[in-house]
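Residue-level structural notes
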Amino acid sequence: MQVLKFGGSSMGTAESISNVLSIVTQRAERGPVAVIVSAMRGVTDQLVETCNRMERSSFSYNETIDALEKRHFNIAREMLPAQEQSDLITELKMLLNELEDVLQGVSLVQEITPKTRDFVMGFGERLSAKILTHLIKSQNIDSEYTDARSFIVTDSRFGNARVDLKVTYNKIRSYFEATDEPKVFVVTGFIAATKRNLSTTLGRGGSDYTAALIGAALNTDLIEIWTDVNGLMTANPGKVKRAFPIYEISYEEAMELSHFGAKVIYPPTLIPALKAQIPIVIKNTFDPTQPGTSIRKEITPTNNLIKGLSSIDNITMLTVKGSGMIGVSGIAARIFRSLADADVNIIMITQASSEHTVSIAVLPHQAMIAKNAIHREFEEELQGQEIDDVEVEKDLSVIAIVGDNMRNIPGIAGRIFRALGRNGINIRAIAQGSSERNISFVVSNRDENKAINTLHDAFFLAGVKTVNLYLAGIGLIGGTLLEMIREQLQVFYDDYNIEFCLRGVANSKRMLIREGGISLSNWKDELEEKGEPTDLEGFVQLVKEHNLPNSIFVDCTASDEVSNIYPKILSSSISVVTPNKKANSGSLKYYKKLHDLAEKHNVAFKYETNAGAGLPIISTIDELVSTGDHVDKIEGVLSGTLSYIFNNFSGDKKFSDIVMQAREKGYTEPDPREDLNGRDVARKLLILAREAGFKIEPEDIDVQNLVPEDARNGSGVEEFFETLKQHDDDFESLRADAEKNGKKLCYIARFENGRGVVKLEQISSEHPFFGLDGSDNIMALYTRYYKESPMVIKGPGAGANVTSGGIVADILRVVSTKAASNAG
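Computed from a predicted structure; not experimentally measured.

Digging into the environment of alanine 431
- Tracing the sequence through the fold places alanine 431 in strand β16 (residues 429–432).
- Classification of alanine 431 as buried rests on a relative accessible area of 15%.
- Distance from alanine 431 to methionine 348, taken between C-alpha atoms, is 7.4 Å for residues 83 residues apart in sequence.
- Among residues more than four places away in sequence, those in contact with alanine 431 are Met348, Ile349, Thr350, Asn438, Ile439 and Ser440.

Describing the packing of helix α2 (residues 43–56) against helix α5 (residues 114–121)
- With their axes 9 Å apart at the nearest point, α2 and α5 run at an angle of 145° to one another. The hand of the α2/α5 crossing is right-handed. Listed contacts from α5 to Thr44, Leu47, Val48, Cys51, Asn52 and Glu55 of α2 are Arg117, Val120 and Met121.

A word on the pairing of strand β12 (residues 308–321)
- By the criterion of burial, β12 is predominantly enclosed, with eleven of the 14 residues buried.
- Across nine bridges, β12 lies against strand β15 (residues 391–402) in antiparallel orientation. Directly across from methionine 317, in β15, lies its bridge partner glutamate 393.
- Pairing analysis gives six bridges linking β12 to strand β14 (residues 357–362), with the strands arranged antiparallel. Bridge pairing links methionine 317 to alanine 361 in β14.

Examining the environment of aspartate 87
- Among the structural elements, aspartate 87 can be located in helix α4 (residues 82–109).
- Between the alpha carbons of aspartate 87 and alanine 352 there is a distance of 64 Å; along the sequence they are 265 residues apart.

Observations regarding helix α22 (residues 588–600)
- With 13 residues, α22 should cover 18 Å at 1.5 Å per step; its first-to-last C-alpha distance of 18 Å lies within 8% of that length.
- Considering only its buried residues, α22 is in contact with α20 (560–563), α21 (566–571), β24 (605–606) and α27 (679–691).
- Positive phi appears at asparagine 602, one or two residues downstream of α22, with a value of about 60°.

Topic: helix α14 (residues 412–422)
- For α14, every residue scored as buried is listed here: Ile412, Arg415, Ile416, Ala419, Leu420 and Arg422. One side of α14 holds all its buried residues, which, seen down the axis, span an arc of 165°.
- Glycine 424 sits one or two residues past α14 and shows a positive phi near 70°.

Overview of the packing of aromatic side chains
- Evaluation of the coordinates by the stated rule reveals 20 aromatic pairs.
- Ring geometry for phenylalanine 539 against phenylalanine 553: centres 6.4 Å apart, planes inclined by 65°, an arrangement best described as edge-to-face. A residue pair is termed long-range when its members are at least 10 positions apart, and phenylalanine 539 in helix α19 (residues 536–546) and phenylalanine 553 in strand β22 (residues 551–555) qualify at 14 residues.
- Residue classification places phenylalanine 539 among the buried residues on the basis of a relative accessible area of 1%.
- Its relative accessible area of 1% is what places phenylalanine 553 among the buried residues.
- These aromatic residues form a ring-pair network of at least three members: Phe151, Tyr175, Phe176 and Phe185.

What to know about the sheet that holds strand β29 (residues 776–783)
- Spatially, the six strands line up as an open sheet ordered β26-β28-β27-β25-β29-β30, and their pairing is mixed. For this open sheet the edge positions go to β26 (701–703) and β30 (791–796), each flanked by a neighbour on one side alone. Adjacent strand axes in the sheet meet at a mean angle of 20° when their direction is disregarded.
- Against the sheet, α27 contacts β25 (631–637), β26, β27 (744–752), β28 (755–763) and β29, and its axis sits at roughly 35° relative to β27.

Digging into the nonpolar core
- Among the nonpolar cores identified, the biggest contains 75 residues, and Phe553 and Phe646 are the most heavily contacted of them.
- No other element matches α27, which puts seven residues into this core.
- Excluding anything up to four places from it in sequence, phenylalanine 553 contacts Tyr470, Ala472, Phe539, Val562, Ile565, Tyr566, Ile569, Ile574, Ser575, Val576 and Val577.
- Residues Ala148, Leu232, Ala262 and Val402 belong to the second largest nonpolar core, which totals 53 residues.

Description of the pairing of β29
- Among the eight residues in β29, eight count as buried, and that is most of the element.
- What you see with β29 is no split at all: Asp776, Ile778, Ala780 and Tyr782 on one side and Asn777, Met779, Leu781 and Thr783 on the other are buried throughout.
- Here β25 runs beside β29; their pairing, made up of six bridges, is antiparallel. Across the sheet, residue glutamate 635 finds its bridge partner in β29, namely alanine 780.
- Alignment of β29 against β30, held across six bridges, turns out to be antiparallel. In the strand pairing of β30, asparagine 777 is matched with glycine 795.

Comments concerning the pattern of salt bridges
- The full count for this structure, using the stated rule, is 39 salt bridges.
- Glutamate 635 serves as the salt-bridge partner of arginine 750, at 2.6 Å between the closest nitrogen and oxygen. Residue arginine 750 is found in strand β27, and its partner glutamate 635 is found in strand β25; the two are separated by 115 residues along the sequence. Note on accessibility: arginine 750 and glutamate 635 belong to one class, buried.

Some points on the sheet that holds strand β20 (residues 510–518)
- Across the sheet, which stays open at both edges, the seven strands sit in the order β21-β20-β19-β18-β22-β23-β24 with mixed pairing between neighbours. Sheet topology places β21 (532–533) and β24 at the edges, where each strand pairs with a single neighbour.
- Of the strand pairs in this sheet, strand β18 (residues 465–472) and β22 are connected by five bridges, and their pairing is parallel. In the strand pairing of β22, alanine 472 is matched with aspartate 555.
- With respect to the sheet, helix α16 (residues 476–487) is in contact with β18, β19 (498–506) and β22, its orientation differing from that of β18 by roughly 160°.

Conventions used here
Note on numbering: residues in each chain are counted from 1, in written sequence order. Totals for whole chains, interfaces and linings use every residue, but because this is a predicted model, local features are given only for residues with pLDDT of at least 70 and side-chain atom pairs only at 80 or more, for both listing and counting. The side-chain numbers reported here are obtained from all heavy atoms of the structure, hydrogens and water having been left aside. Per the convention used, a helix needs a DSSP run of H or I reaching at least four residues, while a strand needs a run of E reaching at least two, with both numbered from the N terminus. Accessible area is worked out with a 1.4 Å probe on protein chains only. A residue is then buried under 20% of its type maximum, exposed over 50%, and partly exposed in between. The contact rule is simple, with two residues in contact once any of their heavy atoms fall within 4.5 Å. To get an axis, fit a line to the C-alpha atoms, keeping to the stretch in contact for a helix; angles then go from 0 to 180 degrees between the N-to-C directions. Should the near helix be turned anticlockwise from the far one by less than a right angle, the crossing is termed left-handed; should it be turned clockwise, right-handed. If DSSP finds at least two bridges between two strands, the strands pair. Helix span, as expected, comes to 1.5 Å for every residue beyond the first. Comment: arc refers to directions from the helix axis out to C-beta atoms. Aromatic rings from Phe, Tyr and Trp, taking only the six-membered ring of Trp, are treated as a pair when their centres fall within 6.5 Å; an angle between ring planes under 30 degrees marks them as stacked, one over 60 as edge-to-face, and anything in between as tilted. Residue types Ala, Val, Leu, Ile, Met, Phe, Trp, Tyr and Cys, when buried and joined through side-chain atoms within 4.5 Å, form a set referred to as a nonpolar core. The salt bridge definition used is simple: a Lys or Arg side-chain nitrogen within 4 Å of an Asp or Glu carboxyl oxygen.

Written out as structure tokens, the structure reads:
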């Protein structure tokens with residue numbers, strides 16, 4: 001006997017039923033087939049909702065009857081020849097009349113017992129089985145409508161009845177072995193009956209169980225579950241887009257995954273198959289050529305440490321604690337007994353080794369039942385304050401990581417929790433069985449998808465990370481950054497295992513944020529067409545609501561307003577990468593606050609491009625300090641603009657003309673006074689000194705402002721240049737004096753003995769900076785280990801490309817730090 005079960009999605013439409021018919025027709029050529037069917041998709045839910053509404057109010061059941069009649073009659077008329085329709089429609093009408101009679105009785109008393117509810121809920125399977133029976137007959141194949149209530153016998157626990165296996169197996173054998181003729185038995189799934197012939201149901205998804213019972217009783221070679229996916233997946237594809245099929249899985253692994261929410265297979269299905277050692281295969285009705293998932297005892301070994309992830313996305317956790325529990329035997333037994341007596345299903349349990357606390361996860365609708373049951377059991381201890389009142393935490397999810405290969409492999413739990421910690425996911429409770437096949441933990445509902453995606457990337461995708469970018473500032477630097485990432489997408493994926501996804505962009509006027517992603521090729525048009533007025537607080541709130549793993553906020557502005565929202569971003573476990581110097585060059589208190597928040601929330605705060613564009617200045621200082629060196633003096637040319645100006649100020653051109661030339665080349669700010677006043681250089685020196693470990697404030701740095709006093713007012717740029725021309729002789733005098741001394745002018749930032757100074761100096765040919773040319777930056781570090789000859793870092797210190805390259809390098813540092821953490 002071949003045993004095939006088709007779910008509600010397979011029986012949902014004329015098109016899908018045609019697929020079922022094709023599969024069954026082919027199988028009938030091989031021998032007898034037992035085809036177990038669910039109700040058409042949505043029908044059982046419709047019946048449940050009708051019962052609920054009729055119990056609460058005078059809801060008209062006629063709407064339900066009419067809808068069911070229309071849907072099932074339409075299938076019959078669409079799929080059967082006209083001359084064969086009448087018999088099926090008559091049988092369907094008789095079933096609907098029977099249902100109508102029951103619902104009429106319910107409407108009169110406005111009350112529905114569990115027994116009546118089970119009877120009503122079984123009509124969906126009876127209707128779909130009738131349809132498929134007639135359709136198979138229309139193919140000239142002997143087909144028999146088979147009501148499972150005639151051989152599956154249960155107790156009277158209506159809604160989730162327990163099967164009497166011995167009686168049921170005997171009845172199944174008697175029924176199916178009574179005929180020698182090959183035929184197709186179309187069996188109603190989900191429904192059964194008591195010994196008194198009262199209708200019961202096997203729980204939602206019970207059609208799988210019906211198939212397993214028939215397969216086990218008849219000792220078939222295989223049990224096939226046909227659904228709308230290509231088998232079990234490594235995670236729920238609705239939550240993890242990169243989930244992929246599992247081709248083989250053990251009974252134990254499948255049971256763990258199904259218990260914790262993998263909905264492709266009903267958990268009790270596995271027990272009869274496991275005991276009879278019958279493989280189960282899950283196949284796709286809509287793509288039957290796919291191999292599907294084979295569930296069996298012996299499977300082909302793989303190198304994957306885990307087999308899959310599953311979750312239950314809405315649970316409540318009850319916590320029982322108190323000093324009266326410590327060292328007292330039987331506490332756990334009493335908790336379990338009280339909950340069992342109240343018919344409460346425990347999803348997960350964890351107990352502290354101190355015996356002071358026991359936490360239990362249950363479904364929300366059973367939470368108060370469970371709490372009251374525990375209160376009754378421990379009434380005396382509660383009155384004596386030996387046990388505290390039971391705590392109830394709602395809006396939680398439980399996630400299970402499952403795999404036979406986890407056994408006896410050290411470090412798996414550490415790897416899991418480090419990956420979650422790096423993404424700011426707080427774990428509320430943890431449980432692991434002695435089999436080491438399952439590690440389960442509880443998180444908040446809002447963190448469920450983030451946790452599953454984080455772990456799926458860490459364990460299944462060979463270290464591939466999806467980096468979710470949110471960019472503020474899309475001018476020259478921001479735009480160049482996006483273009484650089486777009487051009488190198490394949491390189492990042494192939495060489496670095498990184499997949500970039502732009503989720504949000506904002507400038508001073510408009511913002512666009514989209515969880516599904518924004519095109520790196522067309523972001524300008526999308527922002528213009530679909531963007532909203534910029535609201536930084538709203539932007540950050542949406543980023544928080546996305547709650548995606550490996551999220552990075554990139555600030556390419558020079559705005560105080562943007563840098564002021566860093567605390568909210570870091571507190572939301574989102575890393576920050578920025579060339580914006582404002583945050584790190586403000587008060588020492590704010591600087592420390594940002595670093596403390598990054599450390600507290602286990603995220604990165606990267607700003608290599610705060611000084612020297614893409615040059616590795618900040619990271620070099622950090623590495624020196626972290627390895628025990630001490631920075632004694634910092635000296636550098638830290639402005640590409642001022643470097644260009646004084647490297648080209650050789651006497652053949654006036655100073656104002658060189659400044660104008662620098663502006664035309666894009667080296668200066670739109671208003672060159674922002675460069676000439678030296679404040680930007682002072683900010684960079686302040687940041688470098690802080691990175692070296694000095695606790696200084698902005699006022700600890702003296703700055704020489706190169707803008708003539710009469711050009712410092714609020715006049716426009718053109719007026720500024722007119723005024724600057726009047727001081728060309730002053731600057732030429734400074735240059736000539738340096739030349740006379742065999743020296744050249746250089747605008748140098750220097751930090752030494754706890755004080756900083758930024759000023760124009762004359763330097764000789766022996767100075768490390770004398771050979772500087774173009775717009776290059778240069779920095780000399782004098783340290784404990786580099787006393788006589790400083791460590792010198794030199795290179796381009798300005799420009800969109802080098803700055804964007806530095807930002808990308810910081811992003812890669814963030815990701816590599818997370819990857820190293822995830823890898824353990």
